[in-house]
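The primary structure of each chain is shown beneath.
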Amino acid sequence: MARLNINGKNYEIDAEPETPLLWAIRENVGLTGTKYGCGIAECGACTVHVDGKAVRSCSFPVSAAEGKKITTVEGLAQNGVLTKVQKAWLDHDVPQCGYCQSGMIMAVAALLRTKPKPTDADIDAAITNICRCGTFQQVRAAIHAAANA
C-alpha cells in the first residue's frame, strides 16, 4: 500500500512501488485531469506538482511520491477561484483540443512560482510540453499575462 497526499487529501493506494504516479492518480483516485500522452515523459500532458516541482507523472514511481505533497490540475483552484494561470488560459483562448492543457498549466504554475516574471528564454527553457494544436503563441501570451497579473 502506498500512502499519497493528493490535493491535500490522504489516500491509501493499492499499487506496486514502481507504478507510475499517473495511474495512481487516474485509476486509483479517479482524478482524470492529468492525461496520458506519450508514456516516456516527453510530451508533458501528465505534468503534476510534487512538493511544488513540475514532474512528468507517467515516469514518476508511486514509491518516490510517498510522503510528498502532490498537486494535480484539479487542486490548483481554491474555493472555486481560478489561479492567475488558469484565468490567463481562458482570457487568451489557449485551449484548442485541450488534451495537453492541464499538463501545460501545471508546468507554467511551477515556472511562475520560481520565476514570477519569466523572460521568453526562461519560458523556452522551462516549458517543454508539446501541444499538437500549435497554440504556443497563445501559451506565451498567457504566461506573460499571468506573470503581470
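Residues numbered from 1 in each chain as written. Predicted model: local features only at pLDDT ≥ 70, side-chain atom pairs only at ≥ 80, totals over all residues. Heavy atoms only, no water.

J.: How do you make sense of a nonpolar patch on the surface when you look at a structure like this?
T.: Side chains of Trp-23, Tyr-36 and Tyr-99 sit close together on the surface and give an oily, nonpolar patch of about 290 Å² of accessible area. Topologically, Tyr-36 is positioned in the loop between helix 1 (21-29) and strand 3 (47-50). The class for Tyr-36 is partly exposed, based on a relative accessible area of 36%. (Patch = residues over 30% accessible without salt bridge, like charges linked within 9 Å, V, L, I, M, F, W, Y side chains within 5 Å. Areas by Shrake-Rupley, 256 points an atom, 1.4 Å probe, with all protein chains shown as cover. Salt bridge = Lys/Arg side-chain N within 4 Å of Asp/Glu carboxyl O. Helix = DSSP H or I, 4+ residues; strand = E, 2+ residues; numbered from the N terminus. Buried < 20%, exposed > 50% of the residue type's maximum accessible area, 1.4 Å probe, protein only.)

J.: Hey, could you run me through the side chain of Ser-57 in this one?
T.: For Ser-57, the location among the structural elements is in the loop between strand 4 (53-56) and helix 2 (62-65). By relative accessible area, Ser-57 is classed as buried at 0%. Not counting the four nearest positions on each side in its chain, Ser-57 is found in contact with Pro-20, Leu-21, Leu-22, Thr-34, Cys-46 and Val-48. (Contact = heavy atoms within 4.5 Å.)

J.: How should unusual backbone geometry be read in this particular structure?
T.: Of note in this structure, Asn-7 is not a glycine but carries a positive phi near 55°. You can see Asn-7 is positioned in the loop between strand 1 (2-6) and strand 2 (9-13).

J.: Explanation requested: helix 4 (residues 101-114) in the structure shown.
T.: Since one α-helical turn is 3.6 residues long, residues separated by three or four positions face the same way. If you check helix 4, its first and last C-alpha atoms are 20 Å apart, about what 14 residues at 1.5 Å a residue would give, namely 20 Å. Taken together, the buried positions of helix 4 are occupied by Gln-101, Ser-102, Gly-103, Met-104, Ile-105, Met-106, Ala-107, Val-108, Ala-109, Ala-110, Leu-111 and Leu-112. (Expected span 1.5 Å × (residues − 1).)

J.: Would you take a moment to explain the nonpolar core for this structure?
T.: For soluble globular proteins, the rule of thumb is that nonpolar side chains tend to be buried together. Membership of the largest hydrophobic core comes to 22 residues, with the highest contact counts inside it found for Val-85, Trp-89, Met-104, Val-108, Leu-112, Ile-127 and Ile-143. Those elements that place two or more of their residues in this core are helix 3 (84-91), helix 4 and helix 6 (136-147). The leading source of residues in this core is helix 4, at seven residues. Setting aside chain neighbours within four positions, we find Ile-143 in contact with Trp-89, Val-108, Leu-112, Pro-118, Ile-123 and Ile-127. Counting 17 residues, the second-largest nonpolar core is a separate cluster that includes Leu-21, Val-55, Ala-65 and Ile-70. (Core = buried A, V, L, I, M, F, W, Y, C linked by side-chain atoms within 4.5 Å.)

J.: Looking at this structure, how should I read the packing of helix 3 against helix 6?
T.: For any two helices packed against each other, the geometry comes down to the angle between their axes and how far apart the axes lie. Interaxial distance between helix 3 and helix 6 falls to 8 Å at its minimum, and their mutual angle equals 135°. For the element pair helix 3 / helix 6, the angle class is oblique. As for how helix 3 packs across helix 6, the hand of that crossing is right-handed. Between helix 3 and helix 6, the residues in contact are Lys-84, Val-85, Ala-88 and Trp-89 and Val-139, Ala-142, Ile-143, Ala-145 and Ala-146, respectively. Here the residues of the contact of helix 3 with helix 6 are counted per class, giving eight nonpolar, no polar and one charged. (Axes fitted to C-alpha atoms, helices over the stretch in contact; angles between N-to-C directions. Parallel < 35°, antiparallel > 145°, perpendicular 65-115°, else oblique. Left-handed = near helix turned anticlockwise from the far one by under 90°. Nonpolar A, V, L, I, M, F, W, Y, C, P; charged D, E, K, R; others polar.)

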